[in-house]
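# Structural overview for review
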Amino acid sequence: MRVALFGFQTWGHRTLSAIIGAGHEVVLVVTHPKSDHPYEQMWSDSVEDLARDNGIPVHVTARADDAALTALREADPEVIVANNWRTWLPPEIFDLPRHGALNVHDGLLPHYAGFSPILWALLNRESHVGVTVHRMDATLDGGPVIAQQAIPVGPTDTTTTLVEKTVDLIEPLIVRALEGLADGTLTGIEQDPTRATYFHKRGDHESRIDFTAPAEDVELLIRAQSDPYPNAHFDFRGQRVRALSAHVSRGRFGGTPGRVTIPHEGGVAVVCGSPVRNAPAPAIVLETLRLDDGSEVPATEFFGTRGGYIRPTTTHDI
């Protein structure tokens with residue numbers, strides 16, 4: 001099939017690689033320009049480089065502009081495939097090919113439409129995450145689902161490990177979808193809008209650790225905000241401290257949430273929230289921390305013999 005790809009970063013790269021490997025004719029690649037934004041340094045396999053290495057025409061743009069539409073018309077694809085295209089595609093683009101457009105989304109639609117679906121799913125203790133291929137329409141991550149695969153979330157999974165696993169699902173799903181499109185067997189299941197859930201981009205304040213939460217929630221946040229994503233963090237004596245690893249204590253600690261206590265189980269225990277105010281509950285045992293200068297230190301070394309309280313989040317912070 002004659003395919004045009006709209007994609008960016010590793011997700012777009014893996015999609016383009018799969019389409020090329022399946023023997024389809026890629027007539028145009030539209031991708032975003034490189035930038036110094038931290039997000040774009042993560043999972044940064046270059047779609048543009050892969051396309052040029054394979055002699056495919058490339059249009060680089062921040063948004064689907066008039067030049068992209070002109071290039072698309074001249075390329076005359078039978079279908080568009082999009083993955084990690086980060087700005088809105090108008091109907092004159094996704095309706096232009098005779099087979100329309102397929103979008104690859106790293107969530108199990110109709111749940112977790114929008115942004116950061118894997119991170120949100122992990123924080124919400126979902127049992128599975130996955131990838132969906134769906135027909136594109138004017139609704140955000142809407143349109144009939146044509147292929148989907150789920151994988152289980154393990155007890156030690158991080159957002160990073162789940163991204164690595166779901167990226168491996170892209171190739172078989174998109175190859176299957178294009179095969180069905182080519183031989184006329186492709187079918188879709190309409191999404192139920194009453195079951196749809198939408199999530200937004202995460203901001204800095206959403207990575208701040210709230211020690212009034214149960215220790216289990218704090219440990220989960222630290223796993224969810226794993227490298228290369230912005231880490232879960234807190235302020236201690238005027239310094240931002242990022243938590244890289246931690247675990248829930250076996251023993252219970254009472255008192256005020258955010259109180260730094262003693263070396264415990266290989267780290268330093270910090271009191272967390274309890275169902276009954278001040279009553280003993282599991283603490284979060286901080287293990288490895290990252291400081292503002294980028295250095296990584298054991299929590300026992302950072303805190304030393306210093307006790308004290310970790311400053312809570314305030315409305316002003318948000």
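Residues numbered from 1 in each chain as written. Predicted model: local features only at pLDDT ≥ 70, side-chain atom pairs only at ≥ 80, totals over all residues. Heavy atoms only, no water.

## Topic: the pattern of salt bridges
- A complete count under the given rule lists 14 salt bridges for this structure.
- With its nearest N and O atoms 2.8 Å apart, the salt bridge here joins Arg223 to Glu219. Of this pair, Arg223 and Glu219 both sit in helix H8 (residues 215-224), four residues apart, roughly one helical turn.
- The partner of Arg290 in a salt bridge is Glu296, with the nearest N and O atoms 2.7 Å apart.
- One continuous salt-bridge network, built from bridges that share partners, spans Asp227, Arg290 and Glu296. (Salt bridge = Lys/Arg side-chain N within 4 Å of Asp/Glu carboxyl O. Helix = DSSP H or I, 4+ residues; strand = E, 2+ residues; numbered from the N terminus.)

## Some thoughts on a negative patch on the surface
- Negative charge collects at one region of the surface, where Asp65, Asp66, Glu92, Asp95, Asp137 and Glu190 lie side by side.
- Mapped onto the fold, Asp65 is located in the loop between strand E3 (58-60) and helix H3 (66-75). (Patch = residues over 30% accessible without salt bridge, like charges linked within 9 Å, V, L, I, M, F, W, Y side chains within 5 Å. Areas by Shrake-Rupley, 256 points an atom, 1.4 Å probe, with all protein chains shown as cover. Lys, Arg positive; Asp, Glu negative; His and termini not counted. Charge placed at Lys NZ, Arg CZ, Asp CG, Glu CD.)

## Some details on the sheet that holds strand E5 (residues 101-105)
- With mixed pairing, the seven strands of this open sheet are ordered in space as E3-E2-E1-E4-E5-E7-E8. Each edge of the open sheet carries a strand with a single partner, namely E3 and strand E8 (145-152). This sheet shows a mean twist of 15° between the axes of neighbouring strands, independent of strand direction.
- Across five bridges, strand E1 (residues 2-7) lies against strand E4 (residues 79-83) in parallel orientation. In the sheet register, Ala4 faces E4, and the bridge partner there is Ile80. (Pairing = 2+ DSSP bridges. Axes fitted to C-alpha atoms, helices over the stretch in contact; angles between N-to-C directions.)

## A closer look at the domain arrangement of the chain
- The domain architecture assigned to the chain consists of domain 1 (2-199) and domain 2 (207-309).
- The C-alpha centroid of domain 2 is placed 37 Å from the C-alpha centroid of domain 1.
- Counting residues at the interface gives 15 residues for domain 1, matched by 11 residues for domain 2.
- Of the roughly 1,100 Å² buried between domain 1 and domain 2, counting both surfaces, carbon and sulfur atoms make up 61%.
- A per-residue breakdown of the area domain 1 buries against domain 2 is headed by Met42, Leu123 and Arg125, which together make up 39% of the total.
- In this structure, the connection of domain 1 to domain 2 is made through one salt bridge.
- Note that Asp217 and Arg125 form a salt bridge whose closest N and O atoms lie 2.7 Å from each other.
- Linking domain 1 with domain 2 are eight residue pairs in polar contact (both at pLDDT 80 or more).
- Among the secondary structure elements, those contributing two or more residues to the side of domain 1 that touches domain 2 are helix H5 (117-123) and helix H6 (159-167). (Domains from an automatic or database assignment. Contact = heavy atoms within 4.5 Å. Buried area = accessible area lost by both parts, 1.4 Å probe. Polar contact = N/O pair within 3.5 Å; in protein donor to acceptor, adjacent residues only side chain to side chain.)

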